[in-house]
Amino acid sequence: MPGWIPASDINRRIWRSRAGRAGVLLTGGLLAAALVAAHVGPPDPFASVGPPLSAPTLSHPMGTDDLGRDLLSGVAHGTRTSLVLAVIVSMLTGIIGVMVGALAAWEGGTLDDLLMRVTEFVQVVPRFFLAVLVIALFGPGLERLALLLAVTSWPWIARVVRAEALSLKRREFVEAARALGAGGPRILLREVLPNLLPPVLVVVSLNAAGVILIEAGLSFLGLGDPDVVSLGYLANNAQRFLRVAWWMAAFPGAAIAAAVLGLNLLGDGLNDALNPRFES
Amino acid sequence: MSRGRLMARTVFVLMAVWSLGTAPARAQDAPVRGGTVVAAIVSDPGHLNPAITTSGATHAASELLYNGLLGRDERGEPVPELAESWQIEQGGTVYRFRLRDGVRWHDGTPFTAADVKFTFEEVLVKYHARTRASMGAVLAGIEAPDDRTVVFRFKQPYAPLLYQLDATEAPIVARHVYQGTDPQTNPANGNPIGTGPFKLVSYTKGTEIRLVRNPTYFKAGLPHLDGLVMRIIPDLAVQVLALENGEVDFLWELPGPQQARLKGDPRFRAARTGYHPGGSNCIMTMSFNLDRPILKDLRVRQAVAHALDRQAFLTQILFGDGKVAAAPISSEIPWAHAAGLALPRPDRAEAEKLLDGAGWKKEGEGPRTARGVPGVADGTRLSIEFLHFPTFTKYGELVRQQLGAVGIGVVLKPLEPAVFAPTVFKDRNFDSNVISYCNGPDPEIGVRRMYHSSQIGPAPFTNAAAYRNARVDALFDEASRTVERDKRTRLYRQIQELVVQELPYFWLVETVSTRAWAARCAGFKAWTGHFAEEAFCRR
Amino acid sequence: MPSRYLLRRLAQVLPTVAGLLVLNFCIVHLAPGDPVIALGGEHGDAAYYAFLRARFALDRPLPEQLLTYVTNVLRGDLGTSFVHGRSVAGVIAERLPATILLVATALVLSSLAGLGLGTLAARHGRRPADLALNAAALLGYATPSFWLGQMALLTVAVGTGLFPVQGMTDARHPQTGLAHVLDVAHHLALPALVLAVNELALTTRLVRTGLLEALGADYVRTARAKGLPEGRVIRHALRNVMLPVLTVIGSRAGMFLSGAVLVEVVFAWPGLGRLLLSSLLARDYPVLLGMFLLISFAVVLANLITDLAYARLDPRIRYQ
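Here is what the cut-offs are and how they apply
Residues numbered from 1 in each chain as written. Chains lettered and ligands numbered in written order. Predicted model: local features only at pLDDT ≥ 70, side-chain atom pairs only at ≥ 80, totals over all residues. Helix = DSSP H or I, 4+ residues; strand = E, 2+ residues; numbered from the N terminus. Buried ≥ 20, exposed ≤ 12 C-beta atoms within 10 Å, placed from the backbone. Contact = placed C-beta atoms within 7 Å. Rg over C-alpha atoms; globule rule 2.2 N^0.38 Å. Pairing = 2+ DSSP bridges. Axes fitted to C-alpha atoms, helices over the stretch in contact; angles between N-to-C directions. Nonpolar A, V, L, I, M, F, W, Y, C, P; charged D, E, K, R; others polar. Expected span 1.5 Å × (residues − 1). Arc of directions from axis to C-beta. Parallel < 35°, antiparallel > 145°, perpendicular 65-115°, else oblique. Left-handed = near helix turned anticlockwise from the far one by under 90°. Core = buried A, V, L, I, M, F, W, Y, C linked by C-beta atoms within 7 Å. pLDDT = per-residue confidence, 0-100.

### Brief notes about the overall build of chain A
Within chain A, the secondary structure is distributed over eleven helices and zero strands. Secondary structure of chain A in N-to-C order comes out as α-α-α-α-α-α-α-α-α-α-α. For chain A, the residues scored as buried account for 54% of the 280 residues in total. Long-range contacts, defined here as pairs at least 24 residues apart, represent 71% of the contacts in chain A between residues at least 6 apart.

Here's what the structure looks like:
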């Protein structure tokens, strides 16, 4: 990436970017709404609280499903599940990706080659179909899915980290630090890693959006976790009632789109913030 | 105007109005020859031999290619089909059938009694689950003394025979095609030769099965249709859309939520029936694994029964299409269904009392804790692992909801049919489950296997609860030997009273199917697999 | 010489393919239960299991099993589907054309339209038309494909009655020749459009961003100052934009195919998506494994094509 922006400036620049503003507001808003609503609304989204298949009203702003469960509660819990899943997977992929990329860039040579080979291979494996296969053989479960996605989504991050780290390696301040006698790991930790954070965050936020879509798709095929309410589970449930209860499909679908959109915008905003030529 | 002319005009107007009002009905009643009907089915049948499987998908797609010795009318009573008459001899131990003359297989070969003998001996009792389970043990032998006579001999009087000879329970396959081969791998399974009203044109895996009229069908004038196409559309909601869009004319299964909408639409007709090609007169039944310590105590099972509000199942899952099960035997078999039995009524207070009494105490939030329950360590939480087909997820969810309200934790485990059967019947690795147990046309066929202790074993969809009661066994054995219906009614009543007391299962709801079709077509028989034998379409 | 790059690139594919085969093999053996269940289904009989054990050398040490498996696959033997009673390769090959038709159509649609819309957006800079297109693209990218399919079914197919809701052909009147082609096209329209939306949105945004950046470059300013027609300037800039766009699209092969599966399920399109679902329901593991392998190979192929096309377009790569 041409140019270099102090980490402290990033926040301000995200806010200045239109996309970034929208992204932060949308994602943050969704997360907050999900967390709040999950505590304020009916505690158990699986509980019957109203007449089945009723259209949105004041008492049930998103209507009820075929078992009389409040859809607002379902969507809130579902959004929370989807976002939490996305966050967990993102953290895991971030850790793995940063470790692999930084190590490859720092050590170079054969280790770099080997790690890049592995990265290329993992990148090729189609995540969605692997998840289908694994769930078919091992059974459904949210933790299992999180682990699977984490283990297959890190290549992109690793590549970005490696590219960044390689360019940073040659920078003056690193040379300076080395001249002052600081050891490799110390430089890595204190100088390089903090500057890797922004590009990693870009990739991570885009990745998180993908995680939500994959979970939704898997649940749509009936491979979701049956004990947890997720947006994909709600969308799958709504399939039978498309003509009779449009709200059962509309709201979860909109929530998925909103979450994915928010995360994408956030990623865009971060990207804009990192681009020194960008002026809002 | 003179009075005479006024009268004449009034009569004329009345007649015009009357004829207009009834004209569509009359045109509808007169069959029209020709046309193709497109029927939607949910999954690829895999093959087209209904004699080696009880799979609903295969039967729905293939029964029109075959016939049974008898058919069934709207009330479920036997009517002649391949057999034109029959006699019951020696108190129900011998059945003699006279076969129709001039019946031919689709390839022109004449149909004879040898085909019947071969089908039963080499195919049905070996591969058809219900035939094997019911007739297999008591059939002494089948004779074909001449080309048009078949004689069944049983070891003891056997009452249900006439009800399990239709194309669903005992389709007749061609001896000259299957003799000397393995019926399960014979390529004719994909290219069938039958005697039925339709012949196969093509079978495109995953997409459709095309049938054409059998011009030499033994019922004169039938079928009316030129052709029939079975389109595979996995999603029921899309099937309804296809029906509304005119791409499809007939649905095997109109989903509950759509029924109110379509029933008011004059473009469509619907009919309800307890029959389904995979098995009729089905009851969604909750089994209790009696080998598990948690469920050994009758009080716990009674508590579960009291905690469940079965009306909710009927309204929320079936949308009113069906009945709350009032007895262990389906009300669609009226002579065997025991009316007036006292099944546990929804009563949460009673459920809680029973659980307390059984040693399961409510301690804070969540499921109850064991305090002094035999075979269960103190402090264990009351949690039931509930297995179900993924298509029955709603049942699981309602069970979880309703049992959770009295402090019974439920963990849902959806399992595909291929995995469900071995897990439940071979490994017996479950606490509770829900199964659609189909009673069949006679309790001997589909009910005995649920309660008789000899039916505990790895064969799928037998005695899941592992229920053992010598008295019930004896009653079933006696009912098997009895032919008089009144006596059978009394015996089955005694059985039902006993099992309702002991609750090895809890019977939730009786399920029915609602068929739906475009109003321009008529003559569909919802109660049989030969649904299009007499169907016709205008335009 | 480009062929040297080609050879090198192809050589890189081999370890990837080998890795995928090993992965597939490991999944079968890591799954709970006896691997013979994964290969033959839950209720085969003893004779069938014995046959499978011999065929896949399941009683031999693992490395030997791996070798047997790899040789089988290379010979085109992906195992037998116990549900269909035929070879997995045969079952998959049957459904492949329908999916290829859907995927290719959607790809062409999204690429062409994306190119057009992206260019349009870039030409209008930051004005309302551009912002509207950008917003639409973002939304299009974020919407799950199956949901879009459901909505399309409801609003377009049923609402207008202009499009069929299921299948690839008309069930009632099978067509031949030109009428058949038109019939298939009629059924293809909606699913292909729905599938194209995600990719279309992405392509539009990428082209727009890339073009905006490229159009700000010095050489463009010079060209404009020299009076070159706008069309030629844009075309020149586009060529530079194509490279990153191509890479991104190629890297999304896996996601694209997963979208195809979901769309096929919604529209009852008789392709691999439906096969996946039915194999899933029947726990037909050999078919699932075969499909996973096939999809992985397809992704590898997509990456390969993308890289080769990139090399063709970017002269800098050729001489490495």
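### Observations concerning the overall build of chain B
In terms of regular secondary structure, chain B is built from 17 helices and 23 strands. In summary, chain B has a C-alpha radius of gyration of 26 Å against a globular reference of 24 Å for 539 residues, a match within 12%. If you line up chain B on its principal axes, its C-alpha atoms span 85 × 75 × 50 Å. Expressed as a percentage of its 539 residues, the buried residues of chain B come to 51%. Pairs at least 24 residues apart make up 68% of the contacts formed inside chain B by residues separated by at least 6 positions.

### A look at the sheet that holds strand β6 (residues 139-146) of chain B
One key point about sheets: their strands pair by backbone hydrogen bonds, in either a parallel or an antiparallel sense. All names here are of chain B. Pairing in this open sheet of four strands is antiparallel, and the strands run β4-β5-β7-β6 from one edge to the other. Only two strands of the sheet have a single neighbouring strand rather than two, namely β4 (83-89) and β6. Direction aside, neighbouring strands of the sheet carry axes that sit 15° apart on average. Here five bridges tie strand β5 (residues 94-99) to strand β7 (residues 149-154), and the two strands are oriented antiparallel to one another. Pairing of R96 across the sheet is with V151, part of β7. Sheet strands touched by helix α3 (residues 113-127): β5, β6 and β7. Its angle to β6, the strand with the most contacts, is close to 160°.

### Description of the interface of chain C and chain A
Taken residue by residue, the interface counts 35 residues in chain C and 28 residues in chain A. Among the secondary structure elements, those contributing two or more residues to the side of chain C that touches chain A are α1 (2-30), α6 (128-142), α7 (145-160), α11 (253-267), α12 (272-281) and α13 (285-313) of chain C. Among the elements that take part in the side of chain C that touches chain A, α13 of chain C stands out by supplying nine residues, more than any other. Per-class residue counts for the side of chain C that touches chain A are 26 nonpolar, eight polar and one charged.

### Overview of helix α16 (residues 470-481) of chain B
Residues and elements named next belong to chain B. A rise of 1.5 Å per residue sets the reference length of α16, with its twelve residues, at 16 Å; its end C-alpha atoms lie 17 Å apart and thus fit the reference within 8%. Looking only at α16, the buried set comprises V472, L475, F476, A479 and S480. Axial view of α16: buried residues confined to an arc of 140°, hence all on one face. Of the residues in α16, the exposed ones pointing more than 90 degrees away from the buried face are A470, R471 and A474. Lining the buried residues of α16 we find α14 (443-446), α15 (448-451) and α17 (485-502).

### Quick notes on the interface of chain A and chain B
Across the boundary between the two partners, chain A contributes 16 residues, which contact 17 residues of chain B. Grouping the amino acids of the side of chain A that touches chain B by side-chain chemistry returns eight nonpolar, four polar and four charged.

### With respect to unusual backbone geometry
All names here are of chain B. Looking along the chain, the bond that leaves L222 and enters P223 is cis, with omega of -10°. Note that P223 resides in the loop between β9 (208-213) and β10 (227-232). Even without a glycine there, the phi angle at R428 is positive, about 50°. Take R428: it is sitting in the loop between α13 (417-426) and β19 (432-438). On the basis of neighbour count, R428 is assigned to the partly exposed category, with 15 C-beta atoms found within 10 Å.

### Describing the packing of helix α9 (residues 298-307) of chain B against helix α11 (residues 348-357) of chain B
Two measures define how a pair of helices packs: the angle their axes make with one another and the distance between the axes. Residue and element names in this part refer to chain B. Relative orientation of the contacting elements α9 and α11 amounts to 160°, with a least axis distance of 8 Å. As judged from the angle between their axes, α9 and α11 are roughly antiparallel. Crossing of α9 over α11 shows left-handed handedness. On α11, the residues that touch R299, V300, Q302, A303, H306 and A307 of α9 are R348, E350, A351, L354, L355 and G357. Here the contact of α9 with α11 is composed, by residue class, of six nonpolar, three polar and three charged.

### Re the nonpolar core
Formed by 244 residues in total, the largest nonpolar core has its most connected members in A131, V132, L133, I157, I212 and V260 of chain A together with V37 of chain B. Among the elements that line this core, the one with the most residues is helix α11 (residues 246-274) of chain A, at 17 residues. Leaving out residues up to four positions away in the same chain, V132 of chain A has contacts with L223 of chain A together with L276 and L280 of chain C. Membership of the second largest hydrophobic core comes to 70 residues, among which are I283, L295, I333 and A358 of chain B.

### Thoughts on the confidence of the model for chain B
Residues and elements named next belong to chain B. When pLDDT is averaged along chain B, the result is 88, and 94% of the positions lie at 70 or above. This model gives residues 11-27 a pLDDT under 50, and the stretch forms one contact once residues within four places in sequence are excluded. At the level of chain-chain contacts, confidence expressed as ipTM amounts to 0.84, with global pTM at 0.79.

### So, the environment of L138 of chain C
Along the chain, the position of L138 of chain C falls in helix α6. Looking at L138 of chain C, the number of C-beta atoms within 10 Å reads 22, which means it is buried. The spacing of L138 of chain C and L30 of chain C is 108 residues in sequence and 40 Å in space, taken between C-alpha atoms. Beyond its immediate chain neighbours, meaning those up to four positions away, L138 of chain C contacts L261 and N264 of chain A.

### A word on the environment of G139 of chain A
All names here are of chain A. Tracing the backbone shows G139 in the loop between α5 (127-138) and α6 (142-153). Take G139: there are 16 C-beta atoms within 10 Å of it, and that puts it in the partly exposed class. A C-alpha to C-alpha distance of 19 Å links G139 and L234, two positions 95 residues apart in sequence.

### Notes on the sheet that holds strand β21 (residues 513-518) of chain B
Residue and element names in this part refer to chain B. If you trace the seven strands from one edge of the open sheet to the other, you get β8-β9-β10-β1-β11-β21-β12, paired in mixed fashion. The sheet terminates laterally at β8 (198-204) and β12 (268-273), the two strands that pair on one side only. Note that β8 and β9 share six bridges and pair antiparallel. Across the sheet, S202 pairs through a bridge with R210, a residue of β9. Contacts from helix α7 (residues 256-263) reach β12 and β21 within the one sheet, and its direction differs from that of β12 by about 135°.

### So, the environment of P192 of chain B
All names here are of chain B. Within the secondary structure layout, P192 lies in the loop between α5 (175-178) and β8. Distance in space between the C-alpha atoms of P192 and N49 is 7.2 Å, their sequence separation being 143 residues. Residues within four places of P192 in sequence aside, it is in contact with L48, N49, S62, L65 and L200.

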